[in-house]
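Single-letter residue listing:
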Amino acid sequence: MPRLRDCLPRLMLTLRSLLFWSLVYCYCGLCASIHLLKLLWSLGKGPAQTFRRSPREHPPACLSDPSLGTHCYVRIKDSGLRFHYVAAGERGKPLMLLLHGFPEFWYSWRYQLREFKSEYRVVALDLRGYGETDAPIHRQNYKLDCLITDIKDILDSLGYSKCVLIGHDWGGMIAWLIAICYPEMVMKLIVINFPHPNVFTEYILRHPAQLLKSSYYYFFQIPWFPEFMFSINDFKVLKHLFTSHSTGIGRKGCQLTTEDLEAYIYVFSQPGALSGPINHYRNIFSCLPLKHHMVTTPTLLLWGENDAFMEVEMAEVTKIYVKNYFRLTILSEASHWLQQDQPDIVNKLIWTFLKEETRKKD
């Protein structure tokens, strides 16, 4: 009996792991089947339209707008990867580092680049595999450890030891992890529409509605097929994400202009441009839940109540993982793409948080 009691925790852990991976692979298969039916439906309606793709040889003018900042590159010594970023504001000012989500790139921070350059050196990064940043071929190069190390190395290369860190969506996930692993690097943490990673992994297993909303996490585990589905019908899925009534930007806030949309399509229509971003998700289930999870940095969590991908209840639970000043602001009628949807309100809330925390420290 004592030996059985000793083995029981290990047995329960093994069974839980088996159940978890069974769920992952079964749901992957289900998601693949649904998307395959969508493909067959599209082919039935018109094969020529399904495989049509408009030529995009030159980037839209908005991507070289000088008011957004200067395009820069930095090569990291250890990984050898070259990262692209857009920087606004004078060198020597405190660093504000912006981490975008999926499927986005540096341009999703255009409103913040203009807003915060008066007091910060604002850097909007293209994450590993995105945009003009190098994209390693193998999925193992996109493990969370690699992504965390990227941010640490970029700070060092830019000549900073700490920053105000802001992340949205997947960039929010990385921002949480940086604050957990390297708290000395983060003066203040601001996350937009992504809960603490442990909240996400626990919530998704207990709430079928969130499991459905996060189905793309499972679909992305399949090789090459997700990239193909994103590209058919001239990137119709991408257009739908940003413009549809259910998921898009600007239902109640700022509208995404035709040129803005074309900027996204241009970036993700480049050869191989979808594999890097989707590879970020292909290691996620082997990395979560976290062993170390407490955040000791002052934190602001901003949330669009009408987020089509993340249930708002996760935002409320997140506070138990922050052992410092924590503020949650939920914006009604705002979408998942909060910093683009409601930029004026988001910028004002960030300013208030930054100045309030400064006063408290003084």
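Residues numbered from 1 in each chain as written. Predicted model: local features only at pLDDT ≥ 70, side-chain atom pairs only at ≥ 80, totals over all residues. Heavy atoms only, no water.

1. Observations regarding the pairing of strand β4 (residues 121-125)
For step 1, the next point in the chain: Extensive coverage of β4 is indicated by the burial of 5 of its 5 residues.
For step 2, the next point in the chain: Neither face of β4 is left uncovered, since the one carrying Arg121, Val123 and Leu125 and the one carrying Val122 and Ala124 both have all their residues buried.
For step 3, the next point in the chain: Two strands pair when backbone bridges link them, and strand β3 (residues 95-99) and β4 are joined in this way by 5 bridges, in the parallel orientation. Among the inter-strand pairings, Met96 is bridged to a residue of β4, identified as Val122.
For step 4, the next point in the chain: As for the winding sense of the linkage, the β-α-β connection from β3 through helix α3 (residues 110-116) to β4 is right-handed. (Buried < 20%, exposed > 50% of the residue type's maximum accessible area, 1.4 Å probe, protein only. Helix = DSSP H or I, 4+ residues; strand = E, 2+ residues; numbered from the N terminus. Pairing = 2+ DSSP bridges. Right-handed = clockwise from strand over helix to strand, strands pointing away.)

2. Here's the deal with the confidence of the model for the protein
For step 1, the next point in the chain: Predicted confidence across the protein gives a mean pLDDT of 90, with 90% of residues reaching 70 or more.
For step 2, the next point in the chain: Taken together, the stretch residues 358-362 has pLDDT below 50 and engages in 2 contacts with residues farther than four places along the chain or on a different chain. (pLDDT = per-residue confidence, 0-100. Contact = heavy atoms within 4.5 Å.)

3. Some details on the packing of helix α9 (residues 225-243) against helix α10 (residues 258-268)
For step 1, the next point in the chain: Where α9 contacts α10, the two axes come as close as 10 Å, and the packing angle between them is 145 degrees. α10 is crossed by α9, and the crossing has right-handed handedness. Where α9 abuts α10, its residues Phe235, Leu238, Lys239, Phe242 and Thr243 lie against Leu261, Tyr264, Ile265 and Phe268.
For step 2, the next point in the chain: In terms of residue class, the contact of α9 with α10 is made up of 7 nonpolar, 1 polar and 1 charged. (Axes fitted to C-alpha atoms, helices over the stretch in contact; angles between N-to-C directions. Left-handed = near helix turned anticlockwise from the far one by under 90°. Nonpolar A, V, L, I, M, F, W, Y, C, P; charged D, E, K, R; others polar.)

4. Some details on the packing of aromatic side chains
For step 1, the next point in the chain: Scanning all chains against the criterion turns up 30 aromatic pairs.
For step 2, the next point in the chain: Aromatic pair Tyr130 and Phe268: ring centres 6.3 Å apart, planes at 85 degrees, arrangement edge-to-face. With Tyr130 in the loop between β4 and α4 (144-158) and Phe268 in helix α10, the pair connects residues that are 138 residues apart, well separated along the chain. By the burial criterion, Tyr130 is buried, and Phe268 matches it.
For step 3, the next point in the chain: Lying over the aromatic face of Trp351, Lys355 brings its terminal NZ or CZ to 4.9 Å of the ring centre. (Phe/Tyr/Trp six-rings, centres within 6.5 Å; stacked < 30°, edge-to-face > 60°. Lys NZ or Arg CZ within 6 Å of the ring centre and 35° of its normal.)

5. As for the sheet that holds β4
For step 1, the next point in the chain: With mixed pairing, the 8 strands of this open sheet are ordered in space as β1-β2-β4-β3-β5-β6-β7-β8. Whereas interior strands pair on both sides, the edge strands pair on one side only; in this sheet they are β1 (70-75) and β8 (326-331). Strand-to-strand twist in this sheet, taken as the mean axis angle between neighbours without regard to direction, amounts to 20 degrees.
For step 2, the next point in the chain: The pairing of strand β7 (residues 299-304) with β8 spans 6 bridges and is classified as parallel. Paired with Leu300 across the two strands is Arg327, which belongs to β8.
For step 3, the next point in the chain: Along the sheet, α4 makes contact with β1, β2 (82-88), β3, β4 and β5 (163-168), crossing β3 at roughly 145 degrees.

6. What to know about the pattern of salt bridges
For step 1, the next point in the chain: Per the counting criterion, the structure on display carries 11 salt bridges.
For step 2, the next point in the chain: Here Arg114 makes a salt bridge to Asp65, at a shortest N to O gap of 3.1 Å. Placement of the pair is Arg114 in helix α3 and Asp65 in the loop between α2 (47-50) and β1, with a sequence separation of 49 residues.
For step 3, the next point in the chain: Given the relative accessible area of 25%, Asp65 is considered partly exposed.
For step 4, the next point in the chain: Here Lys213 makes a salt bridge to Glu311, at a shortest N to O gap of 3.9 Å. Placement of the pair is Lys213 in helix α7 (residues 208-213) and Glu311 in the loop between β7 and α13 (313-317), with a sequence separation of 98 residues.
For step 5, the next point in the chain: By relative accessible area, which is 28% here, Lys213 ends up partly exposed. (Salt bridge = Lys/Arg side-chain N within 4 Å of Asp/Glu carboxyl O.)

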